[in-house]
Amino acid sequence: MQLRHQPYTLQLRHAFGIASNTRTSTPATLVEIEHEGVVGHGEAAMPPYLGETQATAAAFLDSAAGWLAKVENPFLREEILPAIDQLAAGNTAAKAAIDIALHDWIGRKLGAPWHRIWGLDPRKAPVTSYTIGIDTPEVVRAKTREAAGYRILKVKLGREAAADRALIDAIRDVTDTPITVDANQGWRARDDALRMIEWLAGRGVVFIEQPMGKEQLDDTAWLRERSPLPLIADESVQRLADVARVRGVFDGINIKLMKCTGLREAWQMITLARALGLKVMLGCMTETSCAISAAAQLSPLVDWADLDGAVLIANDCFDGMRIVDGRITLPDRPGIGVVKR
Ligand code: MG
């Protein structure tokens, strides 16, 4: 198996603000796996605050390429992907790029999309939220009007209470569309967090993602006992081994391919979360339609999806999953369902 990779910088349509930073581009790396004339596509998307870079991805992918060159049977997913994971600690986005490309290769070779291989009904794919970043009330109102085709909005909060309330009020000036809130660990004191959640519960908010610091599990458990809205773990849950420790702390988990090393482990996380009685959300970074379409293959299994990453960028180099009337719509193409533009 031959692995190729190249850096690709994603240009954001709008500067994007969350509680900790604002940015206008996201570094990514595109990956191809080729074997017997079939090419599978993959992608690593690496927002700077997560620690991976195009350079660390290139170093990891070079070492993985040497290992993959000896693989004669790419269908041995259960041998190959755990071995890739063992090559180094971290590098979860680079690992996800290989996982996605291998899944794409296998699906293309079988002539079937992954939702069909997994036995999932594409008609059960959920609606996706559309994310509105932290900005001035005027810009937030404009972005909310632009998002009129979406049936659920995702809002980034986690600053001081007055600023958070102003952002919600700006959206509610424009629309009654349900909102999911992501505080990105921004609320520090549990009493303040509870007061904010109680205020949000009266304003059409569906759930709260990562209200407090990722290590503040005791405070979050306290909050969950009193919260009128479900709490979803994002930063507190990266990989499969993290799922069990948030039982009783959060009501659900947000799975992202770039955190959890790809589709194989995402599937395992969904299975474990269900066994523990947790809700499941499928999220993304800013990504092209490559990684987004891969995640979308799993979407019929989840309660909520936030797979708007590709519509937030100006230079999407793949055609794949489409959002039609706010709903994830899976193409009937093999593998992860993408073609290069
Ligand atoms: Mg989040």
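Scoring rules and cut-offs
- Residues numbered from 1 in each chain as written.
- Predicted model: local features only at pLDDT ≥ 70, side-chain atom pairs only at ≥ 80, totals over all residues.
- Heavy atoms only, no water.
- Pairing = 2+ DSSP bridges.
- Helix = DSSP H or I, 4+ residues; strand = E, 2+ residues; numbered from the N terminus.
- Axes fitted to C-alpha atoms, helices over the stretch in contact; angles between N-to-C directions.
- Contact = heavy atoms within 4.5 Å.
- Domains from an automatic or database assignment.
- Buried area = accessible area lost by both parts, 1.4 Å probe.
- Salt bridge = Lys/Arg side-chain N within 4 Å of Asp/Glu carboxyl O.
- Polar contact = N/O pair within 3.5 Å; in protein donor to acceptor, adjacent residues only side chain to side chain.
- Donors = N, O, S within 2.8 Å, 3.2 Å for Na, K, Ca; no water.
- 1 Å grid on protein atoms, 1.4 Å probe; cavity = no way out; pocket = protein on both sides within 12 Å on 5 of 7 lines; lining within 4 Å.
- Points joined across faces, edges and corners; volume = space filled by probe spheres on them.
- Nonpolar A, V, L, I, M, F, W, Y, C, P; charged D, E, K, R; others polar.
- Parallel < 35°, antiparallel > 145°, perpendicular 65-115°, else oblique.
- Left-handed = near helix turned anticlockwise from the far one by under 90°.

## Side note on the sheet that holds strand β1 (residues 2–17)
For step 1, the next point in the chain: The three strands lie next to each other as β1-β2-β3, forming an open sheet whose pairing is antiparallel. The two strands at the open ends of the sheet, each matched to only one other strand, are β1 and β3 (38–45). When strand polarity is set aside, the average angle formed by the axes of neighbouring strands in this sheet is 25°.
For step 2, the next point in the chain: Taken strand by strand, helix α3 (residues 92–110) contacts β1, β2 (22–35) and β3, and its axis lies near 155° from that of β3.

## A word on the domain arrangement of the protein
For step 1, the next point in the chain: By the assigned domains, the protein splits into domain 1 (2–111) and domain 2 (116–340).
For step 2, the next point in the chain: Computed from C-alpha coordinates alone, the two centres of domain 1 and domain 2 are separated by 22 Å.
For step 3, the next point in the chain: Facing the 41 residues of domain 1 at the interface are 41 residues of domain 2.
For step 4, the next point in the chain: For the pairing of domain 1 and domain 2, the buried interface totals around 3,300 Å² over both sides, and the portion due to carbon and sulfur atoms is 61%.
For step 5, the next point in the chain: For the interface between domain 1 and domain 2, the tally reads two salt bridges.
For step 6, the next point in the chain: As a salt-bridge pair, Arg 239 and Asp 85 come within 2.8 Å of each other at their nearest N and O atoms.
For step 7, the next point in the chain: If you look at where domain 1 meets domain 2, you find 20 residue pairs in polar contact (both at pLDDT 80 or more).
For step 8, the next point in the chain: Counting residues per element, the ones that place at least two in the side of domain 1 that touches domain 2 are β1, β2, β3, α2 (77–86) and α3.
For step 9, the next point in the chain: At eleven residues, the largest contribution of residues to the side of domain 1 that touches domain 2 is made by α3.

## With respect to the coordination of the magnesium ion
By definition of the ideal shapes, a tetrahedral metal site with four donors has angles of 109.5 degrees and an octahedral site with six donors has angles of 90 or 180 degrees.
For step 1, the next point in the chain: Protein coordination of the magnesium ion is provided by Asp 182 (OD), Glu 209 (OE) and Asp 234 (OD), with donor distances spanning 2.1 to 2.2 Å.
For step 2, the next point in the chain: Sequence positions of the donors to the magnesium ion reduce to the motif D-x26-E-x24-D. A residue pair is termed long-range when its members are at least 10 positions apart, and Asp 182 in strand β6 (residues 179–182) and Asp 234 in the loop between β8 (231–233) and α9 (240–243) qualify at 52 residues.

## Quick look at empty space enclosed by the protein
For step 1, the next point in the chain: Throughout the structure, instances matching the rule amount to one cavity of 30 Å³ or more.
For step 2, the next point in the chain: When its volume is computed, the largest cavity comes out at roughly 80 Å³.
For step 3, the next point in the chain: Leu 12, Arg 13, His 14, Phe 16, Tyr 130, Thr 131, Gly 133, Lys 143, Thr 286 and Leu 312 are the residues that line the largest cavity.
For step 4, the next point in the chain: Elements supplying a minimum of two residues to the lining of the largest cavity: β1 and β4 (130–132).
For step 5, the next point in the chain: At four residues, β1 tops the list of elements feeding residues into the lining of the largest cavity.
For step 6, the next point in the chain: Residues of the lining of the largest cavity, tallied by class, amount to four nonpolar, four polar and two charged.
For step 7, the next point in the chain: Shared between two domains, the lining of the largest cavity holds at least three residues of each, these being domain 1 (2–111) and domain 2 (116–340).

## Quick notes on the pattern of salt bridges
For step 1, the next point in the chain: Scanning the model with the defined rule gives 27 salt bridges in all.
For step 2, the next point in the chain: By sharing partners, the salt bridges in this structure join Lys 154, Lys 156, Asp 182, Glu 209 and Asp 306 into a single network.

## Structural notes on the packing of helix α5 (residues 137–146) against helix α6 (residues 161–172)
For step 1, the next point in the chain: Running from N to C, α5 and α6 cross one another at 40°; their axes reach a closest spacing of 8 Å. In terms of their interaxial angle, α5 and α6 are classed as oblique. Seen from above, α5 lies across α6 with right-handed handedness. Contacts between α5 and α6 involve Pro 137, Val 140, Arg 141 and Thr 144 from the former and Leu 167, Ala 170 and Ile 171 from the latter.
For step 2, the next point in the chain: Here the residues of the contact of α5 with α6 sort into five nonpolar, one polar and one charged.

## Digging into the environment of Ala 162
For step 1, the next point in the chain: Mapped onto the secondary structure, Ala 162 falls in helix α6.
For step 2, the next point in the chain: Measuring from C-alpha to C-alpha, the distance between Ala 162 and Met 196 comes to 9.9 Å, with 34 residues separating the pair along the chain.

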